Amino acid sequence: MNPSQTSKTTLPKVSEIKRQWLEIDASKHSLGRLASRIATLLRGKHKVSFTPHMDVGDFVVVINAKQIKVTGRKLIQKKYHRFSGYPGGITTTILRDALLRSPRFVIHEAVRRMLPTNRLRTPMLKRMKVIDEDKHTFKIDKKLD
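Anyway, here's the lowdown on the structure attached to this text. (Residues numbered from 1 in each chain as written. Predicted model: local features only at pLDDT ≥ 70, side-chain atom pairs only at ≥ 80, totals over all residues. Heavy atoms only, no water.)

A short note on the pairing of strand S1 (residues 21-25)
Among the five residues that make up S1, four are buried, leaving the element largely enclosed by the rest of the structure. Here five bridges tie S1 to strand S2 (residues 59-63), and the two strands are oriented parallel to one another. Within the sheet, the bridge partner assigned to Glu23 lies in S2 and is Val61. For the crossover from S1 across helix H1 (residues 31-43) to S2, the handedness is right-handed. Across three bridges, S1 lies against strand S6 (residues 142-144) in parallel orientation. What sits directly across from Ile24, in S6, is Leu144. (Buried < 20%, exposed > 50% of the residue type's maximum accessible area, 1.4 Å probe, protein only. Helix = DSSP H or I, 4+ residues; strand = E, 2+ residues; numbered from the N terminus. Pairing = 2+ DSSP bridges. Right-handed = clockwise from strand over helix to strand, strands pointing away.)

Here we look at the pattern of salt bridges
Summed over the entire model, instances satisfying the criterion amount to eight salt bridges. Measuring nitrogen to oxygen at the nearest pair gives 2.7 Å for the salt bridge that ties Arg127 to Asp55. Of this pair, Arg127 sits in the loop between helix H5 (121-126) and strand S5 (128-130) while Asp55 is found in the loop between H1 and S2, placing the two residues 72 residues apart along the sequence. Residue classification places Arg127 among the buried residues on the basis of a relative accessible area of 6%. (Salt bridge = Lys/Arg side-chain N within 4 Å of Asp/Glu carboxyl O.)

Right, here's the structure in full:
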């Protein structure tokens, strides 16, 4: 193959990254499928200009977080653990109680665990906004199903 015929890989500059505001309705999806879709959008894997070492993702607004669907027996089997650092300081919460207390936490944790554990995860998560109802003040460019 002639070297002049090969295509060159172009990396987007930080000034060239264009971010859209996308809205997803949580009442239409189950928790895991919603979280994987959001993680893809936050990383920017849906874009042609995706580069693994750069943050090229979009803003995502999740509405109707209270109406998220959970399949199977996850409501009583899925557990969230946290540790205070003291002996006997482990606290366990089941998904049903976590959904009643804060559906935002459940969606946030599901998405956080689907993103890569590196320096880009925190800025990606800051671009995700989770709203309990369907009314918000963000200017949306595109609504997704």
